[in-house]
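# Commentary on secondary and tertiary structure
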Amino acid sequence: MCRLYFNYLLLFGLLLFFSSCSKKTTIVDTRQKFLHLSHTRTDTNPSLINGVDKIDFSKYDMLLLGGDLTESTSIDTATIDYVDGIFDLSRPTTLFALGNHDYTNTNLISAYTQRPPYFAYRHGAVQFVVLDTQDSYSSIVWEQQDFLNAVLDTLTTASHLFILHHKLIWMYDHIDLNDQIESISNGIFGSCFYCLNENNFHEDIYPKLAQIQSQGISVVCVAGDIGKRVNEFEYMTDEGIHFLASGMDYQSDRNKALLFFYDRETQALSWEYRWLSEL
């Protein structure tokens, strides 16, 4: 009788053990997601690269647009209505860095975004600054430089600083990157409006970013004028500042976007490039 009772207990224990092992453990990802999309244009206005309009943007805490959204984004209200219907340009968490294909009527753009071409936005412990690299042919000067300096000079409490812009302004005059311009950037090096021009980034902007980095605020510069030659780019400077870029090509069916993951509790930031079909 005791042996039979013992066998029942053993069987019950085994059933509990295997039942607990069979339960699937669900891991909930609590990180915030920032999605960077750029160069989504085709050669027909208005239209976007196939698959962009299928993305569920409600899954992302921030939408970062790197410019050249359509062939001529601000040429008329019909085109920008189309773009706005997909990206919700006036949403506070949609940040739009203008490219040359968006620049026909910047006042029209601002009417939809409810923001000027360059501005700052704070998202928790993350500071975003959006620059207009079309304003002065790749240089950040005059009122825009004053604005940027005012933000950088008073930034003391952020975990990260994102600088969002269209042109890859940090490639020019950089010891490792200058010779790669023709193989990375959509805009060739030159003096045209769409070109990657001579600029003052390393002379006037980078020293301030390096100082912020040294104070414990991680600096990430994200550009959008790639896609024709490559669809992803990463570089880390000696000071630990990251230069990133993502963009697309309407003639390719292998397009990627840049997805950031930010943990609000640990303030850790990571990123990866994902195919559009995976977003």
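Attention here is on the structure that accompanies the text. (Residues numbered from 1 in each chain as written. Predicted model: local features only at pLDDT ≥ 70, side-chain atom pairs only at ≥ 80, totals over all residues. Heavy atoms only, no water.)

### Remarks on the state of the cysteines
- Under the criterion given, the structure shown has one disulfide.
- Disulfide partner of C192: C195, at an S-S distance of 1.8 Å. Judged by the sign of its S-S torsion, about 100°, the cystine formed by C192 and C195 is right-handed.
- Look at C192 and you get partly exposed, because its relative accessible area is 23%.
- C195 sits in the buried class, given a relative accessible area of 3%. (Disulfide = S-S within 2.5 Å. Buried < 20%, exposed > 50% of the residue type's maximum accessible area, 1.4 Å probe, protein only.)

### Concerning helix α2 (residues 77–87)
- Those residues of α2 lying buried are T79, I80, V83, I86 and F87. Viewed along the axis of α2, the buried residues span an arc of 120°, placing them on a single side of the element. The exposed set on the far side of α2, more than 90 degrees from its buried face, consists of A78 and G85.
- On its buried face, α2 is in contact with β1 (32–37), β2 (62–65), β3 (94–96) and α3 (106–113). (Helix = DSSP H or I, 4+ residues; strand = E, 2+ residues; numbered from the N terminus. Arc of directions from axis to C-beta. Contact = heavy atoms within 4.5 Å.)

### Description of the packing of α2 against α3
- Where α2 meets α3, the closest approach of the two axes is 11 Å, and the angle between their N-to-C directions is 35°. For α2 against α3, the interelement crossing comes out right-handed. Residues T77, I80, D81 and D84 of α2 touch α3, and the partners they reach there are L108, I109 and Y112.
- Residue composition of the contact of α2 with α3, grouped by class: four nonpolar, one polar and two charged. (Axes fitted to C-alpha atoms, helices over the stretch in contact; angles between N-to-C directions. Left-handed = near helix turned anticlockwise from the far one by under 90°. Nonpolar A, V, L, I, M, F, W, Y, C, P; charged D, E, K, R; others polar.)

### Quick notes on the packing of aromatic side chains
- Counted under the stated rule, the structure contains 17 aromatic pairs.
- With centroids separated by 5.7 Å and ring planes inclined at 70°, the aromatic side chains of F34 and F128 adopt a geometry described as edge-to-face. Of the two residues, F34 sits in strand β1 while F128 sits in strand β5 (residues 126–130), which places them 94 residues apart along the sequence. The same class applies to F34 and to F128, which are both buried.
- Aromatic rings pair up to connect F34, F128, F162, F260, Y262 and W271 into one cluster.
- Across the ring face of F261, the terminal group of R31 is positioned such that the distance to the ring centre comes to 4.1 Å. (Phe/Tyr/Trp six-rings, centres within 6.5 Å; stacked < 30°, edge-to-face > 60°. Lys NZ or Arg CZ within 6 Å of the ring centre and 35° of its normal.)

In short, geometric facts, not functional conclusions.
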